[in-house]
Amino acid sequence: MEEAVDKLADVAAVSGADTAWMIVATALVLLMTPALAFFYGGLVRQKNALNTMMMSFASLGVVGVLWATVGYSLAFAPGTDFIGGLDYLFLRGVGMEAQGTIPHLLFMVFQGTFAIITAALISGAVAERMRFDAYLAFISLWILGVYAPVCHWVWGGGWLAKMGALDFAGGTVVHVNAGIAAVVAARIVGPRRDYGRQAMLPHNVPFVLLGAGLLWFGWFGFNAGSALAADGLAALAFANTMLAPAAALVVWMFLDVRATGSTTAVGAATGIVVGLVAITPAAGFIGPMAAIALGGLAAVPSYFAIAKSQTHKLDDSLEVAAAHGLGGLVGAVLTGVFAASAWGGATGLLAGNFKQFAVQIVAVLAAMVYSGLVSWALLKGISMVIPLRADEKSERIGLDVPMHGEEAYSHGDGAVLIAPEALAGASPVPLGVPASEQAV
Amino acid sequence: MKLITAIIRPEKLNEVLSALYEVEVRGLTLTRCLGHGGEMEAVETYRGSTVKMGLVEKVKLEIGVSDAFLDAAIYACMHSARTGEVGDGKIFVTDLEKVVRIRTGEQDESAVTPLADLSVEVQGSAA
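Fair warning: this is a prediction, and the values are worked out from it, not measured in the lab.

### Thoughts on the sheet that holds strand E4 (residues 49-53) of chain B
Within a sheet, adjacent strands bond to each other through the backbone by hydrogen bonds, running parallel or antiparallel. Strands sit in the order E3(A)-E4(B)-E3(B) across an open sheet of three strands; the sheet is antiparallel. The two strands at the open ends of the sheet, each matched to only one other strand, are strand E3 (415-417) of chain A together with strand E3 (42-46) of chain B. Averaged over all pairs of adjacent strands, the angle between strand axes in this sheet comes to 35°, irrespective of strand direction. Of the strand pairs in this sheet, E3 of chain B and E4 of chain B are connected by five bridges, and their pairing is antiparallel. Counterpart to tyrosine 46 of chain B in the pairing with E4 of chain B is serine 49 of chain B.

Have a look at this one:
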């Protein structure tokens, strides 16, 4: 009887307004992963367009399932300071009852969409040469071994949360975390064969702009949804998500004109993303004018990091480290500078709180060290079972046909449909292998 | 004067261009095209339908050269475009009856000879 009364109380604690907003916010965040597919897909060469987009899309499936079955429990079930317990394994005990003011299931899905895009972010560093199966193995293990623990540290009541680290929507958990994993992955997989010898240009700049625009749209759910309620805090995060990328875009265009004489479209798209990344940890802690300052400031280091990146030995194909790693780092540290009690309740360096500034740096460093080391170990482990890199021929002709059996822009001229009967008797045919090699 | 028509793999284009540049052949026309030269078809799959791709993407280069440049240009194309597998492409050489450079009206040999001073103009540069 008492249990039934508790249950009623729980149901009553669910707020209709909060639930309605969080359902929409969750769908917005999910859209960010297809948006990322367009952003990344437009930046690569035509022969790798599908492979690059599939790296994001596949995360929707693989990470989505892993999150519900295991990852959510490791991140949010009651546990130690370092990792969650197993209470929520297979969503046991995660139902329609209130978690805060929204149904627990909704909170789980909202967090799942974060895990999905964080894994997909890494793909930009290894695009155009990593084997698809090795990539899937890596993000699967990474979500459980790196994302879930770091998420627990900051949002699941772990040691960084107890220390008072501020990370409103995932500057440390999502962007620094993925940025460092990206550097490690790019280092271990190695540079593309053409890197440093040929210009590798974006094959579809309108896709890049489309992706950046949809990322911005989805990011309103990411940041304003992180208030977990339909309230003033959500509105603050929403406004900041509008203003910081706007400032970053303005500064980026200005730097572009100074350096190259023109405002490039790829630069504009990148500036928007960097502004979004930087405001993520700060969205609910700083005022709107501080958000403009933060967005503008954050554009500068990322701009020069990308301008210099062609001279590096490290081939981070789509600049994940400079845009997400560095942008997230700057945003997380500036959160400790601009945080103002009048807005989000916490104070930062500008309000004389040096401790908060130091805690922010500790949180970023902890995520960098842990993510770097474990990502390295996971990739080394996978490389003992399957090669991480596509073979030379696949890389030369592009990964779309060898990995996926399709082309992004197939002409179809001269293509002949093979009847299912003709295939029925034959042994399974590896896709993309010339018929001559199959027969012999 | 000859017209060299080289059909090559798209992924070899950059290497062919730089090889031609090294032997000072700088005037050419490029066409993206589809072709089939005896290589076996790749198999692709679209929504469960298995498809044999009969034609493969190729790049066609057309280069008008004076006789002095002919062998060097052919050699450059051949060596830079080769992978050793079926499908590397072909080089066709045909006689040229007449060449006219539209800008100056120059004809024949002087029309296919590259200009001495190739000045590079960077578009949109404010500097």
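### Thoughts on helix H1 (residues 13-22) of chain B
Residue and element names in this part refer to chain B. Restricting attention to buried positions, one finds in H1 the residues Leu13, Val16, Ala19 and Leu20. All buried residues of H1 fall inside an arc of 130° around its axis, so they share one side. Opposite the buried face of H1, at more than 90 degrees from it, the exposed residues are Tyr21 and Glu22. Looking at the packing, one finds that the buried side of H1 touches strand E1 (2-8), strand E2 (29-35), strand E5 (56-65) and helix H2 (67-81). Of the residues one or two after H1, glutamate 24 is the one with positive phi, at around 65°.

### Comments concerning a nonpolar patch on the surface
All names here are of chain B. Taken together, the side chains of Tyr75, Met78, Ile91 and Val93 present a nonpolar region at the surface, about 340 Å² in accessible area. Going through the elements one at a time, H2 and strand E6 (89-95) are the ones with two or more residues in the nonpolar patch. Checked against the element boundaries, methionine 78 lands in helix H2.

### Description of the sheet that holds E5 of chain B
Residue and element names in this part refer to chain B. Ordered by their spatial adjacency, four strands build an open sheet running E2-E5-E1-E6, and the pairing between neighbours is antiparallel. Sheet topology places E2 and E6 at the edges, where each strand pairs with a single neighbour. Taken pair by pair, the neighbouring strands of this sheet meet at an average axis angle of 20°, ignoring direction. In this sheet, E5 lies alongside E1 in antiparallel orientation, the contact comprising seven bridges. Note on E5: the bridge partner recorded for leucine 3 is glycine 64. Across the sheet, H1 lies against E1, E2 and E5, angled at about 10° from E5, the strand it touches most.

### Description of the packing of aromatic side chains
Residue and element names in this part refer to chain A. Applying the stated criterion across every chain yields a total of 23 aromatic pairs over all chains. Judged by centre distance (5.6 Å) and plane angle (85°), the ring pair of phenylalanine 168 and phenylalanine 285 falls under edge-to-face. With phenylalanine 168 in the loop between helix H6 (159-163) and helix H7 (171-189) and phenylalanine 285 in the loop between helix H10 (265-279) and helix H11 (288-308), this residue pair connects regions lying 117 residues apart in the sequence. Its relative accessible area of 10% is what places phenylalanine 168 among the buried residues. Overall, the relative accessible area of 13% leaves phenylalanine 285 in the buried class. Summarising the aromatic geometry, the rings of tyrosine 303 and phenylalanine 304 are spaced 5.3 Å apart at their centres and angled 80° between planes, so their arrangement reads as edge-to-face. On the accessibility criterion, tyrosine 303 (7% relative accessible area) is buried. Judged by its relative accessible area of 45%, phenylalanine 304 is partly exposed. Taken together, the ring pairs in this structure connect Trp67, Tyr72, Phe76, Tyr88, Phe107, Trp142 and Tyr147 into an aromatic cluster.

### Focus on the confidence of the model for chain B
All names here are of chain B. Per-residue pLDDT for chain B has a mean of 85; in total, 88% of the residues score no lower than 70. Of all the helices and strands in chain B, E3 carries the lowest mean pLDDT, 82, while E1 carries the highest, 96. Here residues 117-127 scores under 50 on pLDDT; set against residues more than four positions off or in separate chains, the count is four contacts. For this predicted complex, the interface score ipTM comes out at 0.77, alongside a pTM of 0.89.

### Examining the packing of helix H4 (residues 104-126) of chain A against H7 of chain A
Residue and element names in this part refer to chain A. One can describe the packing of H4 onto H7 by two numbers: an axis separation of 8 Å at closest approach and a directional angle of 35°. In the crossing of H4 with H7, the sense of the turn from one axis to the other is right-handed. Each of Phe114, Thr118, Leu121, Ile122, Ala125 and Val126 in H4 lies in contact with H7, whose residues at this interface are Val173, Val174, His175, Ala178, Ala181, Ala182, Ala185, Ala186 and Val189. Residue composition of the contact of H4 with H7, by class: 13 nonpolar, two polar and no charged.

### Thoughts on unusual backbone geometry
Residues and elements named next belong to chain A. A positive phi angle, near 55°, is found at phenylalanine 90, a position not held by glycine. Here phenylalanine 90 shows up in the loop between helix H3 (49-76) and strand E1 (98-99). Although it is not a glycine, glutamate 319 adopts a positive phi angle of roughly 60°. Within the secondary structure, glutamate 319 is located in the loop between H11 and helix H12 (320-338).

Thresholds applied
Residues numbered from 1 in each chain as written. Chains lettered and ligands numbered in written order. Predicted model: local features only at pLDDT ≥ 70, side-chain atom pairs only at ≥ 80, totals over all residues. Heavy atoms only, no water. Pairing = 2+ DSSP bridges. Helix = DSSP H or I, 4+ residues; strand = E, 2+ residues; numbered from the N terminus. Axes fitted to C-alpha atoms, helices over the stretch in contact; angles between N-to-C directions. Buried < 20%, exposed > 50% of the residue type's maximum accessible area, 1.4 Å probe, protein only. Arc of directions from axis to C-beta. Contact = heavy atoms within 4.5 Å. Patch = residues over 30% accessible without salt bridge, like charges linked within 9 Å, V, L, I, M, F, W, Y side chains within 5 Å. Areas by Shrake-Rupley, 256 points an atom, 1.4 Å probe, with all protein chains shown as cover. Salt bridge = Lys/Arg side-chain N within 4 Å of Asp/Glu carboxyl O. Phe/Tyr/Trp six-rings, centres within 6.5 Å; stacked < 30°, edge-to-face > 60°. pLDDT = per-residue confidence, 0-100. Left-handed = near helix turned anticlockwise from the far one by under 90°. Nonpolar A, V, L, I, M, F, W, Y, C, P; charged D, E, K, R; others polar.

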